[in-house]
Amino acid sequence: MILPIVKQQFHHGGLCAVPEKITVSHKGGADARLGAEAFVTFVPSTVSAADAFVRFAPDPTLEDRAEIYRVTVTADHILVGFRDARGAVNGAATAALLLRGGKVETCEIVDYPGCAYRSILIDMARGLPEKKEIETAIRYMALAKYNRLHLHLIDDKGPCYRSKAVPEYAFLGRGGQCDIDDLRKLEELCASYAIEIVPEIEIPAHANALCAAHPEFKCEVENAHTWAICPGNDDIWPFFEALIGEVAAIFPRSEYIHIGTDELEFRALPTPRLCHWDECPRCAALRAREGLKDRCEEFYYVVERMHDIVRAHGKKMMMWNDQIDISKEVPVSRDILIQFWRVAGKGRGPHEGCSMEKFLEQGFRVVNAYYPCTYFDIESYMSAEKMKTWTPYTVPEQSPQYTDQVIGGEACAWEFGNVENYPFYSYVTPAVVAVFGDKLWGLGEREHDEEYRAALAAFLFGDPSLSELFDLIGGILPPRKPGMLTYTDPA
C-alpha cells in the first residue's frame, strides 16, 4: 500500500532490481522538471530512455481523464505514462513512494483522483513562515498529489509581502514581510509540481491595517471601528484594482483569486469588531444610488464589484461563504467558487436557514473546508477518528444529486508561521498532508490498521517499519499542543 491509496494495482509476482543511482528520462509532452522534481530523492539525468531506470512518456491508450497515469514496474525499469502534466507528476509521486517503501515488486498501477480540487491552505499573514517550512510542505503536497495551494496573503495586520502596487499598505503583524521575488520563487516551485497557487487577499473585513494606511476607507461614523472598510468610498476600488493586478501578475498560472469576504462582524465577542454600514451616511448614499435595500445587499454589491475586477485580470473568483444569506435567492454570480467553512454564528452573520446544501441548490460549485473537520490548527477539529470516514461529500451532509458541484476539499493551517503559539506545524503538516490527501484522492472509508500505518511511515520517513512511532504519539496524527513534541533534526 502507498498513500494516497491507488485505484488499480496488478501484481506480476517478481521484483524490480533497483540501481544505486536513479536515472530519469523524458520523452515529449511533459516539462522536463515535472518528472525529475517530483522524485524528491532522485538524481535527474539526461540519459536516453533506453538506458534510464525511470522513463516518462505520454500514453494515448489511457482513458481520457484528467490527471490519470499508469506506472509499470518491470524487472529492470519503471515506466510512467500520462495524458497531462498533472498525470506526469502523479505518476512520479507513485513511483517515488514505491521506491521509498523498500523492495519494489513488478506491477502495473492505473490511478486518478476522486476530487478535482485538492488543496492545503497556508496562512502567511499571521506570521511569516520560514522559507524551509513552506517549501517542505509543498514537496510533501506534491508527493501526496495535491493540485492546489491556497496562500492567505493578507489579514487584519496587513499583507505578508512588500507590495509595490500599494506600498503604503503597511504590515502590523509578526515576523516581518517577504519580497515579491520570494512569492515568485514559491510560484516557480509549485509550477515544477504542477500545483496551482490560489492567492487570497481580504475585503471587506479584516481591514485594521488597511484603515491605518487609509483612514478615509473607514465608515463616516464617530469612533468608527477599523474592522471593515466603507463601500461608499469610491476610492477603495482603484486600490483593490491595483492590488488584484499585482497578485495576478505574481501568480500568472492561477485560475482563481480568493477575495476573502469572511467574518464581516463579531458582535458577540467581549471586544466587538464592528461593521458600521447601517449607520454610515456614505453607505446609505450608496444603497440609495444602487437600489440596495439593506446591508446584506451592500455586501453583494462589494462581491460583484470585486468579481468584475478579478475577471478583468483574466481570473476566476473564489470566496468564503459565511456572509451570504443563502436561505434566500441571492444576486451573486454563479461562476464564483464558494469555499464553505461554516454557517455564521450568532452575531457573526446570516445563519437561519443557511447550509452548504443551499449553495448547491442555488447552482454554486463548492470547495468543502468545513472547519470542524478540515482545520488542523486545533486538535479537536481535524482528528484521526474523523479522517476515517470524512469526505467532502459526507460532512456537511448533502444530497447525492449535488455531488458533481462539490469539486473537492481543503485542509487549513491557520497561523502557520506563528511558531510561538503554533509550534507543531513543522511535524503535524506532513502527516496531515498524507492522510487528508488520501481522503481527497480516494474518497473511501479508511481503517488505520498496520498496513495503513506502514504506508504512512513510508510516506513520512521512507521506512515502513517506523509505523511503531504512531503508537508512541497516540495515533497517526501527532498532538497539536505546545510542548508535546519537540525535535532538533527534521529527519
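Conventions we followed
Residues numbered from 1 in each chain as written. Predicted model: local features only at pLDDT ≥ 70, side-chain atom pairs only at ≥ 80, totals over all residues. Heavy atoms only, no water. Salt bridge = Lys/Arg side-chain N within 4 Å of Asp/Glu carboxyl O. Helix = DSSP H or I, 4+ residues; strand = E, 2+ residues; numbered from the N terminus. Buried < 20%, exposed > 50% of the residue type's maximum accessible area, 1.4 Å probe, protein only. Lys, Arg positive; Asp, Glu negative; His and termini not counted. Contact = heavy atoms within 4.5 Å. Patch = residues over 30% accessible without salt bridge, like charges linked within 9 Å, V, L, I, M, F, W, Y side chains within 5 Å. Areas by Shrake-Rupley, 256 points an atom, 1.4 Å probe, with all protein chains shown as cover. Disulfide = S-S within 2.5 Å. pLDDT = per-residue confidence, 0-100. Pairing = 2+ DSSP bridges. Axes fitted to C-alpha atoms, helices over the stretch in contact; angles between N-to-C directions. Core = buried A, V, L, I, M, F, W, Y, C linked by side-chain atoms within 4.5 Å.

## A look at the pattern of salt bridges
Thought 1: Considering all chains together, one arrives at 27 salt bridges under this definition.
Thought 2: Notably, a salt bridge pairs D234 with R289, separated by 4.0 Å at the nearest N-O pair. Linking D234 in the loop between α5 (208-213) and α6 (236-250) with R289 in helix α7 (residues 281-290), this pair joins segments that are 55 residues apart in sequence.
Thought 3: The exposure class of R289 is partly exposed, given its relative accessible area of 48%.
Thought 4: Among the charged side chains, a salt-bridge network with shared partners connects R148, E196, E255 and K316.

## Digging into the side chain of D156
Thought 1: The topology assignment puts D156 in the loop between β9 (154-155) and β10 (158-159).
Thought 2: For the buried D156, no salt bridge is present, and the opposite-charge side chain at shortest range is R126, 4.5 Å distant.
Thought 3: Setting aside residues up to four positions removed in sequence, D156 forms contacts with R126, H206, A207, N208, A209 and W227.

## Overview of a nonpolar patch on the surface
Thought 1: Residues F461, L469 and L472 make up a contiguous nonpolar surface patch of about 290 Å² in total accessible area.
Thought 2: Within the fold, F461 resides in helix α13 (residues 450-461).

## Examining the environment of E451
Thought 1: Among the structural elements, E451 can be located in helix α13.
Thought 2: Taking the C-alpha atoms as reference points, E451 and V110, separated by 341 residues in sequence, lie 20 Å from one another.

## Details of the state of the cysteines
Thought 1: Per the counting criterion, the structure on display carries 0 disulfides.
Thought 2: Of the cysteine sulfurs around C296, a residue in no disulfide, the closest is that of C354, at 8.8 Å.
Thought 3: There is no disulfide at C412, and the cysteine sulfur nearest it, in C373, is 12 Å away.

## What to know about the confidence of the model for the protein
Thought 1: Summarising the model, the protein shows a mean pLDDT of 91, and 93% of its residues fall at 70 or more.
Thought 2: For residues 28-44, every residue scores under 50 in pLDDT, and the model assigns this stretch 44 contacts once sequence neighbours within four places are set aside.

## Looking at the sheet that holds strand β12 (residues 256-260)
Thought 1: Strand order in the closed barrel formed by 8 strands is β7-β8-β11-β12-β13-β14-β15-β16, with parallel pairing between adjacent strands. With direction set aside, neighbouring strand axes in the sheet form an average angle of 30°.
Thought 2: Where strand β7 (residues 117-123) lies against strand β8 (residues 148-152), 5 bridges are found, and the strand directions are parallel. The residue bridging I122 from the neighbouring strand is L151, located in β8.

## Notes on the nonpolar core
Thought 1: Ranked by internal contacts, the top residues of the largest apolar core, which has 145 residues, are M124, L151 and M306.
Thought 2: At 11 residues, helix α12 (residues 425-442) tops the list of elements feeding residues into this core.
Thought 3: If we ignore the near neighbours within four places in the chain, the residues touching M306 are I201, I203, W237, F240, I244, I259 and M317.

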